[in-house]
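# Structural description and commentary
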Amino acid sequence: MKQQEFERSAGLLMPISSLPSAYGIGTFGKEAYRFVDQLVMARQKYWQVLPLGPTGFGDSPYASFSAFAGNGYFIDLDTLIEEGLLTKEYVESFRWNMEDQYVDYGLLHQSRFQVLKKAYDNSRHQETEEYRVFLKENEFWLEDFCLFISCKKYFEYIAWQDWEEEIKFRKPEALKKYKEILKEDIEFQKFVQFKFYEQWGKLKEYANEKEIEIIGDIPIYMAEDSADVWQTPSIFQLDQELNPKKVAGVPPDAFSETGQRWGNPLYDWKKLEKDDFSWWRRRMEHSAKLYDVIRIDHFIGMTKYYSIPAEDTDATNGKWNPGPGMKLIDAINEAVGDKRIIAEDLGVKMPEVEEVLKKSGYPGMKVLEFAFDGNRKNEHLPYNWDANLVAYGGTHDNDTLVGYFTGLQWWELGYIREYMGNTHASIEELVDSVFREAYASVANLVIFQIQDVLKVGSLGRMNIPSSMGTNWRWRMTKNQIREKDLERLRYLCDIYGR
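Not measured: the values here are computed from a predicted model.

What counts and what doesn't
- Residues numbered from 1 in each chain as written.
- Predicted model: local features only at pLDDT ≥ 70, side-chain atom pairs only at ≥ 80, totals over all residues.
- Heavy atoms only, no water.
- Buried < 20%, exposed > 50% of the residue type's maximum accessible area, 1.4 Å probe, protein only.
- Helix = DSSP H or I, 4+ residues; strand = E, 2+ residues; numbered from the N terminus.
- Pairing = 2+ DSSP bridges.
- Core = buried A, V, L, I, M, F, W, Y, C linked by side-chain atoms within 4.5 Å.
- Axes fitted to C-alpha atoms, helices over the stretch in contact; angles between N-to-C directions.

### Comments concerning the pairing of strand S7 (residues 304-309)
Along S7, five of the six residues are buried, which leaves the element largely enclosed by surrounding structure. Of the strand pairs in this sheet, strand S4 (residues 246-250) and S7 are connected by two bridges, and their pairing is antiparallel. In the strand pairing of S7, valine 247 is matched with isoleucine 308. Two elements, S7 and strand S8 (residues 319-322), share four bridges in a ladder whose sense is antiparallel. Following the sheet pairing, tyrosine 306 is matched in S8 by tryptophan 320.

Below, the structure written as structure tokens:
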């Protein structure tokens, strides 16, 4: 059955981590509720977030330890103070950040779970009906994830492939042994997940009451060092030692002569198909509870995936292989019910992918930062769009609009100024023009990063692909959104019927 198209509307991309907060990173606290109210004031209908899973080395939300667990960093400490689980004095005795506009993950790693452990020690959640219901509803992933994280701590955060053989291979006696040794920490990890889901559930409920829908984002592949690969190795292309035989990436193109080697283990699609994609069904059912709309990152990989020998250091020797296509799409549709899907179909254009999109009714994506290369047939130019798509100024992988325009040569800016109908436009005026162009377009849904609303430069960029060290850090400071910013968005929604 084909998915219904989105109504004509608009939204903002604001990662939870980028919300203002006194405790080093954005949370599900008062500033998140305030942002919902600001979306309402700006006549927006959607709030898109980045993946909410727990992150490891590199801090990327697209390389999470779990497809099901939540990131404990997002638990709001003020809420725990109000519940009597922490004191303000205790929380404020920790240093949470060096600069208000950047997340310091090193400081967070040292302190956040120490503070949450204090809250756990003071909590009587295990006596509540809500906690019993939570355990029952999440039993298919919770126990294994909490054991996984506790084992990671026990083995000083090395990858699970380097753990002792018995627990690496999940021998029954080893599972029993470590569950006993790590019993207390496993219970603490369950508390962290309980509080994450409790707070997220209340925030989502508040947003939905205000008629704001949440767009969640899920990466197609799992990190090699994740609870999912450890728990269900049979659905991945692994060898007898549980190391990947082939890994994910994309081939060489105009941007990279050697392509991109992401390193994620590839799915064994034939094995998944034999049990009717049960793991994917559980994953999508779970995501449908978390979000109103689900954006699937690297959607192309479901129809055709690039396979790179694991021993290779780049992507030049990779090969394309057929994916499950509509068989998986049908399973996903059954799992999510009436929730909608956005397909991140950026990258190499393939007839097979276009056919799947047409059959499924899923909207693909267009990005205005990709539009102005001088090619008048560029698919990202608004006059080449159709209605059933989601238009972005830029995504989390792009520079901000101000940063993007600032980095262009004068002749490149010349075409953009001509296109926008203002040959003398400043950088900030060009950003305004991009908003107007997108809102005026036929695209049913338009999403802009909050950094572009605020006209933040390159220092606000969330991610530079294939780099590490400075990504996923930008944060909005308190009161950085001005009333005139919201009025501008409201005006555009009104003028262009969104």
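### Some points on the pairing of strand S1 (residues 9-13)
As a general feature of sheets, a regular strand has side chains that alternate between the two faces. Here S1 lies mainly inside the structure; five of its five residues are buried. Across three bridges, the pairing between S1 and strand S2 (residues 46-48) is parallel. The residue bridging leucine 12 from the neighbouring strand is tryptophan 47, located in S2.

### A closer look at the nonpolar core
Membership of the largest hydrophobic core comes to 165 residues, with the highest contact counts inside it found for Trp47 and Trp280. With 10 residues, the top contributor of residues to this core is helix H9 (residues 183-209). If you look at the next biggest cluster of nonpolar residues, it comprises five residues, including Val247, Ile308, Ala310 and Ala315.

### Examining the sheet that holds S1
Note on sheets: strands pair through backbone hydrogen bonds, and any given pair is parallel or antiparallel. Reading across the sheet, the eight strands line up as S9-S6-S3-S2-S1-S12-S11-S10 and stay open at both edges, with parallel pairing between neighbours. Edge positions in the sheet fall to strand S9 (340-343) and strand S10 (364-367), since each of these pairs with one other strand and no more. Across the sheet, the mean angle from the axis of one strand to that of its neighbour is 25°, orientation sign disregarded. Relative to strand S12 (residues 445-449), strand S11 (residues 389-392) is paired through three bridges, and the arrangement is parallel. Within S12, the position partnered with valine 390 by the bridge is leucine 445.

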